[in-house]
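The chain contents come next:
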Amino acid sequence: MMSALAQNDRPALTQIQRPDGFKISVYRVPNRTSRPPFLAVPRLRRASPVSHYIVGAAFEALGLTDRPTESKGVGVICSVMGGSVIYSERFYGEVLTEPRTASPLLFPETVYNAPASHLSSILGSTERNYTFVADQTGFIDGLSTAATWLSEGVVETCVVTGGEEAGWATAEAGRLLSHFPIAEGAGSLLLSTKPSPIRLKLITGAHPFVRAKRRSDIWSDMVKELMEEGAPVSDWLAPQKQGSCLSEGNGNVADLLGDGLAAGGAWAAASAVAAVANGRDSAAVGIFGSNFQARGALFVRD
């Protein structure tokens, strides 16, 4: 991902077909040449793609190989917007066609918290497990909640993940409402009380979209909060397109990678952390959600 951002290398668009045959361009996760071993876990054999992406991203953040190892003390926070739309399409399509034969195996995978449940189970964790249903800013909300858990001693380590899958309904909604093609995938960060060369210095307050205030002014208020903490993001003051996920030093990841919905916020935060890991003193993230709020974070070298 960082190589793509640095080289302005867009992924290839693929097409999703609506039930009426109309085709919509999206960015999909490419198929791997070999099936990852963790997908052989029984819980994941019937799971939807978004669960695969979220578990895979969390494994990377935890530094695990493709095979899971027991991680009992890890808190889990997931952020989604569309969630398991592919299985929802299949299940409710079966209900409309013939209710008596709709698969009961599909239904549990249609709920928003299915990926987080799978992740905790695979890790063997009995710590807290939350799922946020929000827009692109949901990942920042997840970081805020994880930071609260850590500061209050609820957990010592928490993995925060945002992920999405692209179905025809999500692609159609994006075609009508988003400034960018819909994209699928996941991203994850690991927060811990243990020493680290990178520190999460600030999470801005929530700046919700309200009727009494222009969204461009709400965005500016969030950016000013980052600047007061020393983040040099004055070029962000101009209003951004809703659904933008900006990472200092990497630009608007949605321009290149598409509108990843909840995954987009995770990608922006991960790219900011990577920028600090690669030598920057600090990197800020600013998310201009599509329908909920504007919110940001600041990572620094510690």
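Use the structure listed above.
Residues numbered from 1 in each chain as written. Predicted model: local features only at pLDDT ≥ 70, side-chain atom pairs only at ≥ 80, totals over all residues. Heavy atoms only, no water.

A word on the overall build of the chain
Tallying secondary structure elements over the chain gives ten helices and twelve strands in all. In terms of overall size, the chain behaves like a compact globule, its C-alpha atoms giving a radius of gyration of 19 Å where 302 residues would be expected to give roughly 19 Å. Across its three principal axes, the chain shows a C-alpha extent of roughly 60 × 45 × 40 Å. Counting the 302 residues in the chain, one finds 52% classified as buried. Of the contacts formed within the chain by residues at least 6 apart in sequence, a portion of 70% connects residues at least 24 apart. Accessible surface, the chain: about 14000 Å² in total, of which carbon and sulfur atoms supply 51%. Taking the 27 positively charged and 29 negatively charged side chains of the chain as two groups, their mean positions are separated by 3 Å. (Helix = DSSP H or I, 4+ residues; strand = E, 2+ residues; numbered from the N terminus. Rg over C-alpha atoms; globule rule 2.2 N^0.38 Å. Buried < 20%, exposed > 50% of the residue type's maximum accessible area, 1.4 Å probe, protein only. Contact = heavy atoms within 4.5 Å. Areas by Shrake-Rupley, 256 points an atom, 1.4 Å probe, with all protein chains shown as cover. Lys, Arg positive; Asp, Glu negative; His and termini not counted. Charge placed at Lys NZ, Arg CZ, Asp CG, Glu CD.)

Quick notes on the packing of aromatic side chains
The full count for this structure, using the stated rule, is seven aromatic pairs. Measuring from ring centre to ring centre gives 5.0 Å for Tyr130 and Trp149, while their planes differ by 80 degrees; the resulting arrangement is edge-to-face. Within this pair, whereas Tyr130 is found in strand E4 (residues 129-133), its partner Trp149 is found in helix H6 (residues 138-151), the two being separated by 19 residues in sequence. Residue Trp149 is classed as buried on the basis of its relative accessible area of 3%. Stacked on the ring of Tyr87, the Lys or Arg Arg90 has its end atom at 5.2 Å from the ring centre. (Phe/Tyr/Trp six-rings, centres within 6.5 Å; stacked < 30°, edge-to-face > 60°. Lys NZ or Arg CZ within 6 Å of the ring centre and 35° of its normal.)

Overview of the nonpolar core
One finds Leu143, Leu189, Val285 and Phe299 to be the most contacted residues of the largest nonpolar core, which totals 36 residues. No other element matches the nine residues that helix H10 (residues 262-277) contributes to this core. Apart from residues lying up to four places away in sequence, Val285 is in contact with Ile140, Leu226, Trp236, Leu246, Ala268, Ala269, Ala272, Arg295, Gly296, Ala297 and Phe299. (Core = buried A, V, L, I, M, F, W, Y, C linked by side-chain atoms within 4.5 Å.)

Comments concerning the packing of helix H3 (residues 49-62) against helix H5 (residues 114-123)
At a closest axis distance of 9 Å, the pairing of H3 and H5 adopts a crossing angle of 45 degrees. In terms of orientation, H3 lies oblique with respect to H5. The handedness of the crossing between H3 and H5 comes out as right-handed. Of the residues in H5, those in contact with Val50, Ser51, Ile54, Val55, Ala58, Phe59 and Leu62 of H3 are Ala114, Pro115, His118, Leu119, Ile122 and Leu123. (Axes fitted to C-alpha atoms, helices over the stretch in contact; angles between N-to-C directions. Parallel < 35°, antiparallel > 145°, perpendicular 65-115°, else oblique. Left-handed = near helix turned anticlockwise from the far one by under 90°.)

Points about the pattern of salt bridges
All told, the structure shown has eleven salt bridges when counted by the stated rule. For Glu172, the salt bridge identified is with Arg175, shortest N-O distance 3.0 Å. Here Glu172 and its partner Arg175 are both found in helix H7 (residues 168-177), three residues apart, which amounts to about one turn of the helix. With relative accessibility at 15%, the residue Glu172 sits in the buried group. With its nearest N and O atoms 2.3 Å apart, the salt bridge here joins Lys213 to Asp221. Since its relative accessible area comes to 27%, Asp221 is described here as partly exposed. Salt bridges sharing common partners tie together Arg18, Asp20, Glu172 and Arg175. (Salt bridge = Lys/Arg side-chain N within 4 Å of Asp/Glu carboxyl O.)

Here we look at the layout of surface pockets
Computed from the structure, the largest pocket encloses a volume of approximately 1400 Å³. Sorting elements by how many residues they give to the lining of the largest pocket places H3 first, with eight residues. Broken down by class, the residue content of the lining of the largest pocket amounts to 25 nonpolar, nine polar and seven charged. One number sums up the size of the second largest pocket: a volume of about 480 Å³. Around the second largest pocket, the lining comprises 19 residues; the ones closest to its centre are Leu190, Ser196, Ile198, Arg199 and Leu200. Within the residue set of the lining of the second largest pocket, elements represented by two or more residues are H6, strand E6 (185-192), strand E7 (198-203) and H10. Per-element tally for the lining of the second largest pocket: the top contributor is E6, with four residues. Among the residues forming the lining of the second largest pocket, the class breakdown is 13 nonpolar, three polar and three charged. (1 Å grid on protein atoms, 1.4 Å probe; cavity = no way out; pocket = protein on both sides within 12 Å on 5 of 7 lines; lining within 4 Å. Points joined across faces, edges and corners; volume = space filled by probe spheres on them. Nonpolar A, V, L, I, M, F, W, Y, C, P; charged D, E, K, R; others polar.)

Any functional reading would require information beyond the geometric quantities listed.
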